[in-house]
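Structure at a glance
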Amino acid sequence: MTRETVRRGLDEQAVLLAAGLADLAVSTLGTAVGTVRGLLRRSDAGALAAEAEHDLTARGRLVLDRFATAPAAHLEILARHALARRTDDDD
């Protein structure tokens, strides 16, 4: 096999991968559009949207609580350990 043959094979593989990815994206988009159309036809679309908003708000709150909480101050931790040692020594 020559370098040119290998390169041509890699180029062909890249094109096939890109075409497969594009087909997957179009298929997924088509499914999503169909789902949205079905949801818009529902008579309880307002309630469904309110529930989705509530769920997204709760999820956002969980994410912020998980990542936005600041760790306890180092000196505060040391003071708590010292206080715990004192109470253990007193017993």
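1. Describing the overall build of the protein chain
Counting secondary structure elements, the protein chain contains 3 helices and 0 strands. Listing the helices and strands of the protein chain from first to last along the sequence gives α-α-α. A compact globule built from 91 residues would reach a C-alpha radius of gyration of about 12 Å, whereas the protein chain, at 29 Å, exceeds it by more than 25%. C-alpha atoms of the protein chain, sized along the principal axes, occupy 80 × 60 × 20 Å.

2. Some remarks on the pattern of salt bridges
Tallied over the full model, the rule gives 1 salt bridge. A salt bridge links E76 to R80; the shortest N-O distance between them is 3.3 Å. One end of the pair, E76, and the other, R80, are both in helix α3 (residues 74–90), 4 residues apart, so they sit about a helical turn from each other.

Conventions and cut-offs
Residues numbered from 1 in each chain as written. Predicted model: local features only at pLDDT ≥ 70, side-chain atom pairs only at ≥ 80, totals over all residues. Heavy atoms only, no water. Helix = DSSP H or I, 4+ residues; strand = E, 2+ residues; numbered from the N terminus. Rg over C-alpha atoms; globule rule 2.2 N^0.38 Å. Salt bridge = Lys/Arg side-chain N within 4 Å of Asp/Glu carboxyl O.

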